[in-house]
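These are the residues of each chain, in order.
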Amino acid sequence: MNETLRDELLEMARRDRTVRAELVASGELFGGYESRMALVHERNARGLRRIIESIGWPGADVVGREGAEAAWIVLQHAIAEPGLLRQALPLLQAAAREGRASPRHAAMLEDRIRFFEGRPQRYGTQFDWDAEGKLSPGDVEDPHRLDERRRAIGLPPLAEQMAEVRSRATSEGERPPSDHEAYARARDEWAASVGWRAD
């Protein structure tokens, strides 16, 4: 195992969690992509990109289970770097097939990419505020077989995850936007501005 690389990834994830916790505590996290959080994500994305370009996906065989989890967290949070997420998806999917990464991680990354591109998700793992003021996964592909797909990769039923996501949001003080149309427009404009969507 490459302990130096593992420690670097763990430090990136620790930095992410620390700043997020500070922003939740101060009430600054919600209401847009907070600049301090964005800076952490950008810095971590640079480090992860360097690692991927050097060795490919840092799977559990190289950085241990905790290191692989940290790499995935860093990747999931690099939302302003669509090129990095798209580049990493086939690498993470291959690592999952080979047992070096979690199939759930690959599925959640695929959903995250689809969400930001404005396409239906496959597994319904990414939640956002809907027009009724509830956190929901929005459109999903083939919804009748959704829980079957989720079960196949070790995810709980959608209803269970939805209850957990909504409960955590309430406990952290996250509230639905007062103007959903303006919120959705700003989200979509941001996604286009960083390259998630074609003009």
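Provided above is the structure to which this section pertains.
Summarised in this report is the structure supplied together with it. Computed from a prediction, not measured in an experiment: that's the story for all the values here. (Residues numbered from 1 in each chain as written. Predicted model: local features only at pLDDT ≥ 70, side-chain atom pairs only at ≥ 80, totals over all residues. Heavy atoms only, no water.)

**Examining the overall build of the protein chain**
Here is step 1 of the chain: Scanning the protein chain from N- to C-terminus turns up eight helices and two strands.
Here is step 2 of the chain: In the protein chain, the order of α-helices and β-strands from amino to carboxyl end is α-α-α-α-α-β-β-α-α-α.
Here is step 3 of the chain: Relative to the 2.2 N^0.38 estimate, which gives 16 Å for 199 residues, the radius of gyration of the protein chain is 17 Å and therefore close to what a compact globule would have.
Here is step 4 of the chain: Within the protein chain, the proportion of its 199 residues that are buried is 44%. (Helix = DSSP H or I, 4+ residues; strand = E, 2+ residues; numbered from the N terminus. Rg over C-alpha atoms; globule rule 2.2 N^0.38 Å. Buried < 20%, exposed > 50% of the residue type's maximum accessible area, 1.4 Å probe, protein only.)

**Observations concerning the pattern of salt bridges**
Here is step 1 of the chain: Enumeration according to the criterion identifies 22 salt bridges in this entry.
Here is step 2 of the chain: Of the charged contacts in the structure, one is a salt bridge between glutamate 172 and arginine 20, with a shortest N-O distance of 3.0 Å. Of this pair, glutamate 172 sits in helix H7 (residues 158-172) while arginine 20 sits in helix H1 (residues 3-26), and the two are 152 residues apart along the sequence.
Here is step 3 of the chain: Look at arginine 20 and you get partly exposed, because its relative accessible area is 28%.
Here is step 4 of the chain: A salt bridge links glutamate 117 to arginine 119; the nearest nitrogen and oxygen atoms lie 2.8 Å apart. (Salt bridge = Lys/Arg side-chain N within 4 Å of Asp/Glu carboxyl O.)

**Overview of the packing of H1 against helix H2 (residues 35-55)**
Here is step 1 of the chain: Following both chains from N to C, one finds H1 and H2 inclined at 165°, their axes separated by 10 Å at the closest point. As far as their axial angle goes, H2 and H1 are roughly antiparallel. Crossing angle aside, the handedness with which H1 passes H2 is left-handed. Along its contact with H1, which presents Leu5, Glu8, Leu9, Met12, Arg15, Asp16, Val19, Arg20, Glu22 and Leu23, the element H2 presents Arg36, Met37, Val40, His41, Arg43, Asn44, Gly47, Leu48, Arg50, Ile51 and Ile55.
Here is step 2 of the chain: Of the residues that constitute the contact of H1 with H2, the class distribution is 10 nonpolar, three polar and eight charged. (Axes fitted to C-alpha atoms, helices over the stretch in contact; angles between N-to-C directions. Parallel < 35°, antiparallel > 145°, perpendicular 65-115°, else oblique. Left-handed = near helix turned anticlockwise from the far one by under 90°. Contact = heavy atoms within 4.5 Å. Nonpolar A, V, L, I, M, F, W, Y, C, P; charged D, E, K, R; others polar.)

**Thoughts on the nonpolar core**
Here is step 1 of the chain: One finds Leu9, Leu48, Trp57, Leu75, Leu85, Leu92 and Leu109 to be the most contacted residues of the largest nonpolar core, which totals 35 residues.
Here is step 2 of the chain: With eight residues, helix H3 (residues 60-76) is the largest single contributor of residues to this core.
Here is step 3 of the chain: Apart from the residues within four sequence positions on either side, tryptophan 57 is in contact with Ile52, Ala68, Ala71, Trp72, Leu75, Ala88, Leu91, Leu92, Ala95, Arg100 and Ala101. (Core = buried A, V, L, I, M, F, W, Y, C linked by side-chain atoms within 4.5 Å.)

**What about the packing of H2 against helix H4 (residues 82-97)?**
Here is step 1 of the chain: The N-to-C vectors of H2 and H4 enclose an angle of 40°; their axes lie 11 Å apart at closest approach. The angle between the axes of H2 and H4 places the two elements in the oblique class. For the pair H2 and H4, the crossing hand works out as left-handed. Every residue of H4 that contacts H2 at Ala45, Arg49, Ile52 and Glu53 is listed here: Leu84, Gln87, Ala88 and Leu91.
Here is step 2 of the chain: Taken together, the residues of the contact of H2 with H4 break down into five nonpolar, one polar and two charged.

**A look at unusual backbone geometry**
Here is step 1 of the chain: Although it is not a glycine, aspartate 142 sits at a positive phi angle of roughly 45°.
Here is step 2 of the chain: Residue position: aspartate 142 is located in the loop between strand E2 (135-136) and helix H6 (146-152).

**Description of the side chain of arginine 149**
Here is step 1 of the chain: Secondary-structure assignment places arginine 149 in helix H6.
Here is step 2 of the chain: Take arginine 149: its relative accessible area is 13%, and that puts it in the buried class.
Here is step 3 of the chain: In this structure the side chain of arginine 149 is engaged in a polar contact, spanning 2.4 Å, whose partner is the backbone oxygen of glutamate 141.
Here is step 4 of the chain: There is a polar contact of 3.2 Å between the side chain of arginine 149 and the backbone oxygen of aspartate 142.
Here is step 5 of the chain: Discounting residues that sit within four places of it in the chain, arginine 149 has contacts with Arg122, Tyr123, Glu141 and Asp142. (Polar contact = N/O pair within 3.5 Å; in protein donor to acceptor, adjacent residues only side chain to side chain.)

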